[in-house]
Every structure is written in C-alpha cells, then in structure tokens.
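Analysis of the macromolecular model
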Amino acid sequence: MWGVFPLYWTLLEPAGAVEILAHRICWSLVVMLGLTLALRRTSQLKAILRSPRLLALLTLASVVIGLNWGGFIWGVNNHRVVEVSLGYFINPLVTVLLGVVVLGERLRRAQWVAIGIATLAVIGLTVDYGHPPWVAFLLAGSFGTYGLAKKKAGVEAVESLTFETMVLFPIALGYLVWLSADGSATFANDGVGHALLLTSTGLITAVPLICFGAAAIRVSLTTIGLLQYLTPTIQFALGLLYFHEAMTPVKWFGFSLVWLALVIFTVEALRNRGRQLRFAAEASAV
C-alpha cells in the first residue's frame, strides 16, 4: 500500500502539500475515532492519557509521523519520487544507528561495513543533487524514530494512531480554518471529486498504519525490516517508469551502493538471527 502511495497523492493537486497534510490528519482522526468506538477501545485510549511514559512516547511518535507524512507528500508532488524511495531504502540502516545512539546497542562488523557503504552512496548522491538528499533524510529519520517510539510504547495500533492524530489535530484544523478564511482552500473550490479525494485521506492513511502498528508489536524486527524493502522498490519503479524522473550515472552508482549495503545488512541479519535461534534451541534442549 505504501509503495503505490505516489499515485494517490498526485491526484490531490492543486492542493498544496501542507493543505493535504492537514486534511490527512483531520480525516485520519475521524476514521480512528470511529474505529476506537466501534471496537470499544476507549478504555485503552484513556489508559494512554493516564500514563506519562506513554504520553511522552506517543507524542514523539505523533510529531515524527507528521513530519514523515508532510515530507512524503511534498516529495511526491515536487517530482522527487526517486528521492522518496531512497529515504525508505536507507531507513533500515537509520534504524540500526538509532539502536546504537538511543539504546546503546553494539554493531557487528558487517553492519559497520553496510553503513560505511551507504555513507559513500549518500556522499555521491549529494554531489549529483548539488545538496544533501534532505527529503530522503527526513523520511528515513522520522520513520525510524516513529518505529522506535511505537516499539517502546507497545500500544495496540488503533488507540495509538487515534492518540497520535489527536495530538496533531488542533494544528491541522487551525491551518484549514485559516486557509478557508483566506480564500485559498481547495476543498470547497475544486469540485466534489476533489473534496471526496481529500476526505479519503483518512482511510488511505489509517489502513496501512494500523497494519504497521499491529505488526510492530507482534513481528520480529528482522521480518519487518525485510518487508519494508517492498515499499521503496515499488516507489523507485514508479519514479523511474511512470513519473519518468531522470537517473544520471552518478545516481545509478549511488543507488547501487545503497542496494549493496542493504544486501550485506540483510544477509548478516539473517545469519545472526539463525545463530540466535540455534543457541536458543540448544539451551532449551539442555
């Protein structure tokens, strides 16, 4: 679902990225509140409000996912789908670095090699772009932080996302009210079809995030990391084949280094996972 998102956000023009983001937040809250009531999760939502730790973690999650949504929409609607895909390609490596910086984890040799190769790739892409790939950095850093916050919070997907959109809602609604007063809002001025598309941002946003939130507390990080490669692969293909974005030789070289780093990282992670399972099996046998 996330892989084909670029096809959807381009349909929302002429609305700007910030207006689309504000609608996405507001309509997502409507959908999530409906789900919370329908599934009778209000007590779990109240539990979040009573826990300072959960409040802090999920407020952080709400801020970084808002940045992620905004950066993604801006990148797609400014013809940077390939750079958007780069952000999600390097996201697993950023997640590993967050583990080192935040959780004090130690990297194994192959992981350092993968991160070193990815760093060379980013340097090459910076030279080609003429500036660091800020959109990619924003998406990778924000989503990596989001996953970490959700993992530490351990809250179920529905009530977690409901709370996150509640935090962002006052700012989003205030911006939409200001746009309407200014006469520059597109919601009521560009036809019923456009208004319905903006309204559907809530459902489009909620479904994959609920799936991700549910998986984050049930599935191993290794499996999640492998599956997350699907998103940037689809996005990269769309940027290249559908949106016809230019790929210079330097960009191909940079992306090839990123893919090489991901191969090294993935193979090492799978081998380490296999070793852990064998050790656990031997320990239980004893």
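**With respect to the confidence of the model for the chain**
- Scored by pLDDT, the chain has a mean of 87; 98% of the residues are at 70 or more.
- Highest mean pLDDT in the chain belongs to helix α4 (residues 52-77) (94); lowest belongs to helix α11 (residues 221-227) (69).

**Some points on helix α2 (residues 17-38)**
- When the terminal C-alpha atoms of α2 are compared, their 31 Å separation across 22 residues agrees well with the 32 Å that a helix rising 1.5 Å per residue should span.
- Following α2 by one or two positions, arginine 40 has its phi on the positive side, about 55 degrees.

**Focus on the packing of aromatic side chains**
- What the rule picks out here adds up to 17 aromatic pairs.
- Through a chain of ring-to-ring contacts, the aromatic side chains of Trp2, Phe5, Tyr8, Trp9, Phe72, Tyr88, Phe143 and Tyr146 assemble into a single cluster.

**Overview of the environment of serine 256**
- Structurally, serine 256 can be placed in helix α13 (residues 249-285).
- Its relative accessible area of 38% is what places serine 256 among the partly exposed residues.
- Taking the C-alpha atoms as reference, serine 256 lies 8.0 Å from alanine 121; in sequence the two are 135 residues apart.

**Quick look at a nonpolar patch on the surface**
- Side chains of Val4, Leu7, Leu227, Leu230, Ile234 and Tyr242 sit close together on the surface and give an oily, nonpolar patch of about 560 Å² of accessible area.
- With three residues, the top contributor of residues to the nonpolar patch is helix α12 (residues 230-242).
- When you line up the elements, leucine 230 lands in helix α12.
- For leucine 230, a relative accessible area of 53% translates into the label exposed.

**Comments concerning the nonpolar core**
- One finds Trp9, Ile20, Ile48, Leu58, Phe72 and Tyr146 to be the most contacted residues of the largest nonpolar core, which totals 47 residues.
- At the level of elements, α1 (5-9), α2, α3 (42-50), α4, α5 (81-103), α7 (134-153), α8 (157-182) and α10 (201-216) are the ones that each hand at least two residues to this core.
- Broken down by element, this core gets its largest block of residues, 10 residues, from α4.
- Filtering out sequence-adjacent residues up to four positions away, isoleucine 48 remains in contact with Leu54, Leu55, Leu58, Val155, Glu159, Ser160 and Phe163.

The rules behind the values
- Residues numbered from 1 in each chain as written.
- Predicted model: local features only at pLDDT ≥ 70, side-chain atom pairs only at ≥ 80, totals over all residues.
- Heavy atoms only, no water.
- pLDDT = per-residue confidence, 0-100.
- Helix = DSSP H or I, 4+ residues; strand = E, 2+ residues; numbered from the N terminus.
- Expected span 1.5 Å × (residues − 1).
- Phe/Tyr/Trp six-rings, centres within 6.5 Å; stacked < 30°, edge-to-face > 60°.
- Buried < 20%, exposed > 50% of the residue type's maximum accessible area, 1.4 Å probe, protein only.
- Patch = residues over 30% accessible without salt bridge, like charges linked within 9 Å, V, L, I, M, F, W, Y side chains within 5 Å.
- Areas by Shrake-Rupley, 256 points an atom, 1.4 Å probe, with all protein chains shown as cover.
- Salt bridge = Lys/Arg side-chain N within 4 Å of Asp/Glu carboxyl O.
- Core = buried A, V, L, I, M, F, W, Y, C linked by side-chain atoms within 4.5 Å.
- Contact = heavy atoms within 4.5 Å.

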